[in-house]
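Read off the chains here:
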Amino acid sequence: MSMDSPPKQRALAAAAAALHAEWSAALGTPRPGIDGAGRVMDWVAHRAGELGRALADGSLSTEEHNDQRFAMTLALRRFIDAGVDEPTARLMSRAMYDLVVDSPALPHPRYRFTYDWASQHTGAWRRELAHLAAQPAVRGLEVGCFEGQSACWWLENVLTHPTSALTCVDQFGTPMGSIYLNYYERHFDHNVAASGAGHRVTKLIGLSQVVLRTLPPSSFHFAYVDASHRVGDVLQDAVLVWGLLQPGGIAIFDDYDLVEDAALGLQARAPRLALDPFVAILGSSAEVLRRDWQLVLRKLAR
């Protein structure tokens, strides 16, 4: 099953790959040292300036402006994934952080979102979780929460009964190279509070492979997984989340079709390389509901 149009994430990943290839060709290497990183920083600053001027004169929307800045962060991350030295990784990490935090919030009457990753999927979510909407005592699990856009959507459209609740698991930091820069948690907290249902959200901070092991098995009606996209991490998250779902529960894995090839093996960011074997192992105990940019599975009672 394929989507009618490529999702935003696919377009941004392609733009990042093209930028990385352009910069690598200009440097003559995909693994620059600190001098090469300085040249890349100059290109990033120049492009960011162009985007800022386009935003100011109205020729570029806030969403387009932020998305193009995000593509540059992904291109920088490809250099880090390729194996640059520590000083170079730290310099690029700092630039990535600045590209994110200097992006303005999207226009919204209540929420503070910098990026919109969810809207393109909400029609499918509404259909797949319709049987849970407004029902009492529904338990949702989200692994990887970013700014809380999807969490707010679950609260507004599925977990609307006062006895329903959402558990959110995230490190709430920005892992870039060798440093962690905390940023997204502030937006997440603001947005969950603005939803009016923050008292029904449990926020658990930590590595998903650690935190998920502390949760009771078979306790959730649906799970949304959008954490680390490294193959090894995706496989661990999938196994752990599956054990936390009740029979009949729905698992939604985001960015299933993403492939970022700057790293190899378990370090590659390519969720489907983990999820396809996982589905094969599950066999008849799982029903595939959708397989496009996202993979959606129903846990069968067998």
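Residues numbered from 1 in each chain as written. Predicted model: local features only at pLDDT ≥ 70, side-chain atom pairs only at ≥ 80, totals over all residues. Heavy atoms only, no water.

(A) Region of the structure containing the packing of aromatic side chains. Tallied over the entire structure, the rule returns 16 aromatic pairs. When the centroid spacing of 4.4 Å and the interplanar angle of 50° are considered together, the rings of phenylalanine 146 and tyrosine 184 count as tilted. Residue phenylalanine 146 is found in the loop between β1 (139-143) and α6 (149-157), and its partner tyrosine 184 is found in helix α7 (residues 184-194); the two are separated by 38 residues along the sequence. Taken together, Phe70, Tyr115, Trp117, Phe146 and Tyr184 form an aromatic cluster joined through their ring pairs. (Phe/Tyr/Trp six-rings, centres within 6.5 Å; stacked < 30°, edge-to-face > 60°. Helix = DSSP H or I, 4+ residues; strand = E, 2+ residues; numbered from the N terminus.)

(B) Layout of the nonpolar core. One finds Trp23, Val40, Val44, Met72, Leu76 and Met92 to be the most contacted residues of the largest nonpolar core, which totals 32 residues. Counting residues per element, the ones that place at least two in this core are α1 (8-27), α2 (34-56), α3 (62-83) and α4 (86-101). If you tally residues by element for this core, the top one is α3, at 8 residues. When residues no more than four places from it in sequence are discounted, the contact partners of valine 44 are Trp23, Met72, Leu76 and Leu99. Formed by 30 residues, the second largest nonpolar core is a distinct cluster that contains Val143, Leu240, Ala251 and Leu275. (Core = buried A, V, L, I, M, F, W, Y, C linked by side-chain atoms within 4.5 Å. Buried < 20%, exposed > 50% of the residue type's maximum accessible area, 1.4 Å probe, protein only. Contact = heavy atoms within 4.5 Å.)

(C) Broad picture of unusual backbone geometry. Phi at alanine 137 is positive, roughly 60°, even though this residue is not glycine. Within the element layout of this structure, alanine 137 appears in the loop between α5 (122-128) and β1. A residue is classified by how much of its surface remains accessible, and alanine 137, at 38% relative accessible area, is partly exposed. Unusually for a residue other than glycine, aspartate 255 sits at a positive phi of about 55°. Within the fold, aspartate 255 resides in the loop between β7 (245-253) and α10 (272-282). Among the residues examined, aspartate 255 registers a relative accessible area of 7% and is labelled buried.

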